[in-house]
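This is what each chain is made of:
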Amino acid sequence: MLNRIDLRGGARDPRRLLPRAQLDVSVAVERIRPLVEAVRDHGYPAIREASERFDGVSPERLRVPVETIRAAEGELDPQVRAALLESITRARKVHDDQRRTDHTTTVVPGGTVTERWVPVDRVGLYVPGGLAMYPSTVVMNVVPAQAAGVRSLVVVSPPQKDNDGLPDRRVLAACALLGVDEVYAVGGAQAVAMLAYGAGVDPAGDERCEPVDMITGPGNIWVTAAKRLLRGVVGIDAEAGPTEIAILADDTADPAHVAADLISQAEHDPLAASVLVTPSTALADAVDAELARQAPAAKHAERIGTALRGEQSGVVLVDDLEAGLRVVDAYAAEHLEIQTENAREWALRVRNAGAVFVGAWSPVSLGDYCAGSNHVLPTGGCARHSSGLSVQSFLRGVHLIEYTQEALRDVAPHVVTLATVEDLPAHGQAVSVRFPEGGAS
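Residues numbered from 1 in each chain as written. Predicted model: local features only at pLDDT ≥ 70, side-chain atom pairs only at ≥ 80, totals over all residues. Heavy atoms only, no water.

The name given to the protein in an unreviewed UniProt entry is Histidinol dehydrogenase, with the source organism recorded as Micromonospora tulbaghiae. Listed in UniProt under the heading Pathway (unreviewed entry), the comment for the protein reads: "Amino-acid biosynthesis; L-histidine biosynthesis; L-histidine from 5-phospho-alpha-D-ribose 1-diphosphate: step 9/9." UniProt lists a comment for the protein under the heading Sequence similarities (unreviewed entry), and it reads "Belongs to the histidinol dehydrogenase family." (UniProt positions renumbered as here; feature names shortened; annotations may be inferred.)

In structure tokens form, the structure reads like this:
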């Protein structure tokens, strides 16, 4: 079922040969630019028009009433509630341990630099609502922001026709469980633009949506394009593309497990990428057989089949696990599973991955919900230079520089010299003026 790429017997650079979804975000940016500018210039009327055009709803009010959010929690299925609470508890354990502490370095006597960690003040969190609903994404975005100390959180999620133009009720319930009460029924590029520019008081009399400082959360290509367009107006976490899983496996792996894990990510989206890297043709054949058995029986078989047959998915055959490690590092998967003998040893050698799932009993699905890790991760090879969402994402390092008169006098000649070398004499003068007796020369 999966396409095969044979990298055995050569030393080619795998980056150009590996399967990858092709998305032209730059084209999408130009498509959504007029909409983003309309929201900037006109606020709520432009947002409403876009919601009617793209979501088929024209809500009277965009902000979800607080009592509606609370009611959604009360109506939550007990099993779903218990699962969400467990996910929240585990995520808090992990993210609370990521908090940073201020540190002061004494550079010289009388001269110190203190690094303070200051949270972003207001954050907008995007929760998708297209092919699937994601209350788990509420958890993954809100928990690290709260652990970082973000003062103000606002959630946006697309309106649903079957929920009276409100976001999915499970998404609203997750917001209630986390204490988030500012939620807007807005999705797509118009939601990103509203968060970036804010919007005036709407005709229903709801509060103004104040602009945010940062936007996080995954979305479709239009959301990604809006984030790219507005980067700089606001901070963004990443340009999230279609989800992807890579599995490095040898002949000790259970083909039924491998196939199930490949299917689990293909279930997200027809553009989702499922990639197996292995030196074992026997395993590759057995996984193909399992995919042929398991995929047609899945609820979303059509979507899964499209993803598995797509150019973004495939089996990569390698000479050995060393070669396989080079391939998965080049691929830099959002999710990487290691299903090999001595899996932890191989996992510790991985340099490029959003998150690494070690061994047969740590599937990606665990990380999606209840491992305690974060499932908002870099895609499209961005794991080579970017991290997943964490407490650090919401913190800024700010240096406090404190020097005494004598500490500045001591280093002043060096400052003046470097300013002179760079032909910025006023920089040197800003130090020399403090020592008219000539102590800075």
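So much for the structure itself; the text now carries on.
### Quick word on the overall build of the protein
A tally of regular secondary structure across the protein gives 16 helices and 14 strands. Seen through its principal axes, the protein has C-alpha atoms that stretch 85 × 65 × 40 Å. When contacts within the protein are restricted to residue pairs at least 6 apart in sequence, those whose partners lie at least 24 apart make up 74%. Split by element, the accessible area of the protein, about 20,600 Å² in all, is 50% carbon and sulfur. (Helix = DSSP H or I, 4+ residues; strand = E, 2+ residues; numbered from the N terminus. Contact = heavy atoms within 4.5 Å. Areas by Shrake-Rupley, 256 points an atom, 1.4 Å probe, with all protein chains shown as cover.)

### A word on the pattern of salt bridges
Tallied over the entire structure, the rule returns 21 salt bridges. In this structure, the salt-bridge partner of glutamate 75 is arginine 169, at a minimum N-O distance of 3.0 Å. Placement of the pair is glutamate 75 in the loop between α3 (66-74) and α4 (78-96) and arginine 169 in helix α6 (residues 169-177), with a sequence separation of 94 residues. A relative accessible area of 25% means that arginine 169 is categorised as partly exposed. Measuring nitrogen to oxygen at the nearest pair gives 3.9 Å for the salt bridge that ties glutamate 239 to arginine 231. Glutamate 239 sits in the partly exposed class, given a relative accessible area of 22%. Linked by salt bridges that have partners in common, Arg4, Asp285 and Asp288 make up one network. (Salt bridge = Lys/Arg side-chain N within 4 Å of Asp/Glu carboxyl O. Buried < 20%, exposed > 50% of the residue type's maximum accessible area, 1.4 Å probe, protein only.)

### Side note on the sheet that holds strand β9 (residues 244-249)
The strand order across the open sheet formed by six strands is β1-β11-β10-β9-β12-β13, and the pairing between neighbours is parallel. Looking at strand neighbours, the two that pair on one side only are β1 (4-6) and β13 (355-358), the edges of this open sheet. The mean inter-strand angle of the sheet, taken between neighbouring strand axes irrespective of direction, is 20°. Strands β9, β10 (273-278), β11 (314-317) and β12 (335-339) of the sheet are contacted by helix α12 (residues 321-331), whose axis makes an angle of about 170° with β9. (Pairing = 2+ DSSP bridges. Axes fitted to C-alpha atoms, helices over the stretch in contact; angles between N-to-C directions.)

### A word on the UniProt feature "active site" (unreviewed entry) in the protein
When the UniProt feature table is mapped onto this chain numbering, "active site" (unreviewed entry) sits at Glu334 and His335. When its relative accessible area of 6% is taken as the criterion, glutamate 334 is described as buried. Separated by 2.9 Å, the side chains of glutamate 334 and threonine 243 make a polar contact. Residue position: histidine 335 is located in strand β12. Beyond its immediate sequence surroundings of up to four residues, histidine 335 is in contact with Thr243, Glu244, Ile245, Ala246, Gln265, Ala355, Phe357, Val364, Asp368 and Leu377. Reaching out from histidine 335, the side chain makes a polar contact with the backbone oxygen of glutamate 244 at a distance of 2.8 Å. (Polar contact = N/O pair within 3.5 Å; in protein donor to acceptor, adjacent residues only side chain to side chain.)

### Here's the deal with the nonpolar core
Note on soluble globular proteins: their nonpolar side chains tend to be buried together. Val123, Val138, Leu153, Leu178, Val180, Val183 and Phe394 are the most contacted members of the largest nonpolar core, which has 42 residues in total. Elements with a minimum of two residues in this core: α3, α4, β4 (122-126), α5 (135-148), β5 (152-156) and α6. At eight residues, α5 tops the list of elements feeding residues into this core. What leucine 153 contacts, discounting residues up to four positions off in sequence, is Val123, Leu125, Val142, Ala145, Gln146, Val180 and Glu182. Counting 34 residues, the second-largest nonpolar core is a separate cluster that includes Leu35, Val156, Ala199 and Leu230. (Core = buried A, V, L, I, M, F, W, Y, C linked by side-chain atoms within 4.5 Å.)

### Things to note about unusual backbone geometry
The phi dihedral of aspartate 164 falls on the positive side, at around 55°, and the residue is not glycine. Positionally, aspartate 164 belongs in the loop between β5 and α6. Taking relative accessible area as the criterion, aspartate 164 reaches 74% and is therefore assigned exposed. In this model, asparagine 342 sits at a positive phi of 55°, which is unusual for a non-glycine residue. Considering the arrangement of structural elements, one finds asparagine 342 in the loop between β12 and α13 (343-347).

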